[in-house]
Amino acid sequence: MALYVYAITGKDHPRRPDGLTGVGADPAPVRTITSGPLTAVVSDISEEIRPKRRDLQIHQEVQEHFMAGAVVLPMQFGYVAADDQEVRQALDANTAAYLDTLERLDGCAEYHVRASQKDEDQLLRDVLEESAEARELNDRIRAGDQDPQLPLALGELVARDIQERQEALGAGLIQALTGYAREHVVHPPVYPDFVNLSLLVPHEKKDDFLTAHQGLSDQIADGVDLRVTGPLPAYSFVQ
């Protein structure tokens, strides 16, 4: 029977999977497979696992259950092995790399920070007020100038100005928060976000990090929605 793999831990991880059931239409108990210094957290499956809401939730719950006890190396959703032997072979073949990653992640959790514009109309008004060139183009259009290039020129100028403003603000936010992290990854933002940041935050810096995040949120509350999610399994920091 195939196995769904949730995470890899050290063999002495204190938490057991008692009572947990896994992904799939007929959920099997979550169990562990140990080889050498490593343990894999798995459950038996009899079907192809697709990213349905329930299975995504179960995947996350199993991760969080073990993460609460000690460091884990989280697997991305959908990682499947043929049987117990294949799992043991993978643990044996990658022992050094897995142990190095567990050591690197030890004592930390991942946090996601995203920023988006609350009021794009207000941002547009700010650009028109503060950019003489944009204001002139807008005034000509409103006065009835029929030059067909004017709307395009205004749109390009405003878009460029907004991008520059958001890049500058995003860089400042990232710089202010990464000092609390052991490592960080800047992901390409997806609209409407203009910041998409993952941070590997040591547990002892968690409160300081969250306080700094709240302070930044308060400073930019009128125009920007700054959101934090975590603690999470450290997906972004697993090679």
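Predicted model only: the values in this text are computed from it and were never measured.

Novice: What is the right way to read unusual backbone geometry from this model?
Specialist: Among all residues save glycine, negative phi is the norm, and among peptide bonds the norm is trans. The residue after Tyr191, namely Pro192, is reached through a cis peptide bond having omega 10°. Relative to the assigned elements, Pro192 resides in the loop between strand E7 (183–186) and strand E8 (193–202). In this structure, Pro231 follows Gly230 across a cis peptide bond, with omega equal to 5°. Positionally, Pro231 belongs in strand E9 (residues 224–232).

Novice: Help me out: how do you make sense of the nonpolar core in this one?
Specialist: The nonpolar side chains of a soluble globular protein tend to be buried, and buried together. With 20 residues, the main nonpolar core has Ile8, Val87 and Leu91 as its most contacted residues. Secondary structure elements with two or more residues in this core: strand E1 (2–10), strand E3 (38–45), helix H2 (84–93) and helix H3 (95–105). Beyond its immediate chain neighbours, meaning those up to four positions away, Leu91 contacts Ile8, Ile33, Ser35, Leu38, Thr39, Ala40 and Tyr98. Listed in part, the 19 residues of the second largest apolar core include Ala181, Leu197, Leu199 and Phe209.

Novice: In this structure, what is going on with the packing of aromatic side chains? I would like to understand it.
Specialist: Geometrically, a pair of aromatic rings is defined through the distance of the ring centres and the angle of the planes. A full pass over the atoms with the stated rule returns three aromatic pairs. Among the aromatic residues, those joined into a cluster by ring pairs are Tyr4, Tyr6 and Phe77.

Novice: I'm lost on the environment of Ile162 in this one. Help?
Specialist: Considering the arrangement of structural elements, one finds Ile162 in helix H6 (residues 149–178). Between the C-alpha atoms of Ile162 and Arg227, which are 65 residues apart in sequence, the distance is 20 Å. If near-sequence neighbours (up to four positions away) are discounted, Ile162 is found in contact with Leu123 and Val127.

Novice: Whenever I open this one, helix H1 (residues 53–67) confuses me. Can you help?
Specialist: Side chains of residues three or four places apart in an α-helix project in the same direction, reflecting 3.6 residues per turn. Over its 15 residues, H1 extends 21 Å from the first C-alpha to the last, a length consistent with the 21 Å expected when each residue adds 1.5 Å. Of the surrounding elements, those touching the buried residues of H1 are E1, E3, strand E4 (73–74) and E9.

Novice: What is the right way to read the environment of Asn196 from this model?
Specialist: Along the chain, Asn196 falls in strand E8. Asn196 gets classed as buried once you look at its relative accessible area, which sits at 13%. In the structure, Asn196 is positioned 10 residues away from Val186 in sequence and 6.2 Å away in space, judged by C-alpha atoms.

Novice: So what exactly am I meant to see when it comes to H3 here?
Specialist: Those residues of H3 not exposed but buried are Thr95, Tyr98, Thr101, Leu102 and Leu105. The arc that holds every buried residue of H3, seen down its axis, measures 135°, which confines them to one face. For H3, exposure combined with an orientation more than 90 degrees from the buried face picks out Ala96 and Glu103. In this structure, the buried residues of H3 make contact with E1, E3, E4, H2, strand E6 (108–117) and E8. Just downstream of H3 lies Gly107, where phi reads positive at about 80°.

Novice: What should I look at first to understand the pattern of salt bridges in this one?
Specialist: When the charged atoms of two side chains lie near each other, side chains of opposite charge can form a pair. Counted under the stated rule, the structure contains nine salt bridges. We note a salt bridge from Asp44 to Arg31, for which the minimum N-O separation is 3.0 Å. Placement of Asp44 in strand E3 and of Arg31 in strand E2 (residues 31–35) is noted, with a sequence separation of 13 residues between them. Exposure remark for Asp44: the relative accessible area of 22% places this residue in the partly exposed category. Within this structure, Arg114, Asp193, Asp225 and Arg227 form a network of salt bridges that share partners.

Rules behind the numbers
- Within every chain, residues take consecutive numbers counted from 1 along the sequence as written.
- The predicted origin of the model limits local features to residues at a pLDDT of at least 70 and limits the giving and counting of side-chain atom pairs to 80 or more, whereas totals for whole chains, interfaces and linings rest on all residues.
- Calculation of side-chain values draws on the structure's entire complement of heavy atoms; hydrogens and water are dropped beforehand.
- Think of it this way: any DSSP run of H or I at least four residues long counts as a helix, any run of E at least two long counts as a strand, and we number them from the N terminus.
- We call a set of buried residues a nonpolar core when its members are Ala, Val, Leu, Ile, Met, Phe, Trp, Tyr or Cys and they connect through side-chain atoms within 4.5 Å of each other.
- Three exposure classes are used, based on accessible area relative to the maximum for each residue type with a 1.4 Å probe and protein chains only: buried under 20%, partly exposed in between, and exposed over 50%.
- We call two residues in contact when some of their heavy atoms are within 4.5 Å.
- Note on ring pairs: Phe, Tyr and Trp rings are taken, using the six-membered ring of Trp, and paired if centres are within 6.5 Å. Classes follow the plane angle, with under 30 degrees stacked, over 60 edge-to-face and the rest tilted.
- Any helix carries an expected span of 1.5 Å times its number of residues minus one.
- What the arc measures is the spread of directions leading from the helix axis to the C-beta atoms.
- One speaks of a salt bridge when a side-chain nitrogen belonging to Lys or Arg is within 4 Å of a carboxyl oxygen belonging to Asp or Glu.

Read these as spatial facts, not as claims about activity.
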